[in-house]
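# Secondary and tertiary structure notes
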Amino acid sequence: MNQEYEQEAGPEDEAEATRRDADDSESSRASRGWWDRNADEYQSEHGAFLGDDRFVWGPEGLDEAEAGLLGPSEALKGLDVLEIGAGAAQCSRWLAARGARPVALDLSHRQLQHALRIGDDVPLVEADAGVLPFRDGSFDLACSAYGAVPFVADPVKVFREVRRVLRPGGRWVFSVTHPIRWAFPDEPGPEGLSVAASYFDRTPYVEQDEQGRAVYVEHHRTIGDRVRDVVAGGFRLIDLVEPEWPEWNSQEWGGWSPLRGNLIPGTAIFVCERD
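Summarised in this report is the structure supplied together with it. (Residues numbered from 1 in each chain as written. Predicted model: local features only at pLDDT ≥ 70, side-chain atom pairs only at ≥ 80, totals over all residues. Heavy atoms only, no water.)

## Let's talk about the packing of aromatic side chains
Our working definition: For Phe, Tyr and Trp, where Trp contributes only its six-membered ring, two rings pair if their centres lie within 6.5 Å, and the inter-plane angle classes them as stacked under 30 degrees, edge-to-face over 60, or tilted in between. What counts as a helix is a DSSP run of H or I of at least four residues, what counts as a strand is a run of E of at least two, and both are numbered from the N terminus. Note on classification: 1.4 Å probe, protein chains only; a residue is buried when its accessible area is under 20% of the maximum for its type, exposed when over 50%, partly exposed between these limits. The criterion is that NZ of a Lys, or CZ of an Arg, lies within 6 Å of the ring centre and within 35 degrees of the ring normal, and then a charge sits over that ring.
In this structure the tally under the stated criterion is 17 aromatic pairs. Ring geometry for Phe-159 and Trp-172: centres 6.1 Å apart, planes at 65 degrees, overall edge-to-face. Placement of Phe-159 in helix H5 (residues 155-165) and of Trp-172 in strand E6 (residues 166-177) is noted, with a sequence separation of 13 residues between them. One exposure class covers both Phe-159 and Trp-172, and it is buried. A network of ring pairs unites the aromatic residues Trp-34, Trp-35, Tyr-42, Phe-49, Phe-151, Tyr-205, Tyr-216 and Trp-253 as a single cluster. For the cation-ring pair, Arg-54 lies above Phe-49, with the distance from its terminal atom to the ring centre recorded as 4.9 Å.

See below:
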């Protein structure tokens, strides 16, 4: 990788994995630090799969071009779209190529640096998803492919912010780790096929340093929790998509793999509308 994007190892190299409570501020601080430290490795490892201007909803490889969850591709032209947790803004570039006016928002400064490395054709905003720096009714659509939602302690707060910046009738589509996967070890092979924890245990997964400070936090919600959060956030759920693993995809990505993907869902995509 280009020397400009190399970084020193972060504190997660000696992090202890545990399950414990983590509030909104601790989760946000951990996420910013983790993605700033790991953006280089993430983009190096997954950049080829994500592409520079591809809109993929998750490790299964479901493309928005195929799924049309934001609406027909030809109808995107001229629409104002907010991408939350945009990373290197690959999805936003796909939207811009179809005539939309996307804004790519991310908590991580380093991820947005990678967006600039790829190109400066999309407006970038560094901000927390729970405090969106936009006026009411600024966007027609909002989307997030594994961005922000899995890492926040209070998803309803995020959803209400998204609702605020959407115009009436606006669509909000986001993907997260499928909740059933929390019951299985995060392993791509046979060892990841046996239930190891309670699906109903909502205790966050936390990696912490020697001082007990969280360096990575991920929050578990059941499917029912997610639906209730969507409604509490002021949205109507119109579809819940569980992508099947396609035959062409032979890659492993963390706990995602063809073996597991053919047996249990790995991603859940929530398609919501603002009344």
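## Some points on the pairing of strand E2 (residues 80-84)
Put simply, the rule is: DSSP bridges decide pairing: two strands pair if at least two such bridges lie between them. Crossovers are described as right-handed under a simple rule: with the strands pointing away from the observer, the path leading from the first strand over the helix to the second runs clockwise.
For E2, the buried fraction is high: five of the five residues fall into the buried class. Judged by which residues are buried, E2 turns out to be covered on both faces: Asp-80, Leu-82 and Ile-84 on one side and Val-81 and Glu-83 on the other are all buried. Across five bridges, E2 lies against strand E3 (residues 101-106) in parallel orientation. Bridge pairing in E3 places Leu-82 opposite Val-103. For the handedness criterion, the β-α-β arrangement of E2, helix H3 (residues 90-97) and E3 is classed as right-handed. Bridge count between E2 and strand E5 (residues 139-145): three bridges; the pairing is parallel. Bridging from a neighbouring strand, Glu-83 pairs with Cys-143 of E5.

## Here we look at the environment of Ser-92
Convention followed: Contacts are residue-level and defined by heavy atoms, with any inter-residue pair within 4.5 Å sufficient.
Structurally, Ser-92 can be placed in helix H3. Taking the C-alpha atoms as reference points, Ser-92 and Phe-49, 43 residues apart in sequence, are found 16 Å from one another. Beyond its immediate stretch of four places on either side in the chain, Ser-92 contacts Glu-83, Pro-102, Val-103, Ala-104 and Val-122.

## Considering empty space enclosed by the protein
To keep it simple, the criterion reads: Site definitions follow a grid-based scheme: protein atoms alone, a 1 Å grid, a 1.4 Å probe that fits but cannot get out for cavities, and for pockets an open set with protein on both sides within 12 Å along at least five of seven lines, plus lining residues having an atom within 4 Å of a point. Grid points are joined across faces, edges and corners, and a volume is the space filled by probe spheres set on the points. In this count, Pro and Cys sit with the nonpolar residues alongside Ala, Val, Leu, Ile, Met, Phe, Trp and Tyr, while Asp, Glu, Lys and Arg are called charged and the others, Gly among them, polar.
In this structure the tally under the stated criterion is two cavities of 30 Å³ or more. One number sums up the size of the largest cavity: a volume of about 60 Å³. Around the largest cavity sit Glu-60, Arg-181, Pro-243, Trp-245, Gly-255, Trp-256, Ser-257, Arg-260, Gly-261, Ile-264, Pro-265 and Gly-266, which together line it. Residues belonging to the lining of the largest cavity are distributed by class as follows: five nonpolar, four polar and three charged. Volume-wise, the second largest cavity comes out at about 30 Å³. The wall of the second largest cavity is formed by Pro-150, Val-176, Thr-177, Pro-179, Trp-182, Glu-218, His-219, His-220, Arg-221 and Arg-226. Tallied by class, residues from the lining of the second largest cavity come to four nonpolar, three polar and three charged.

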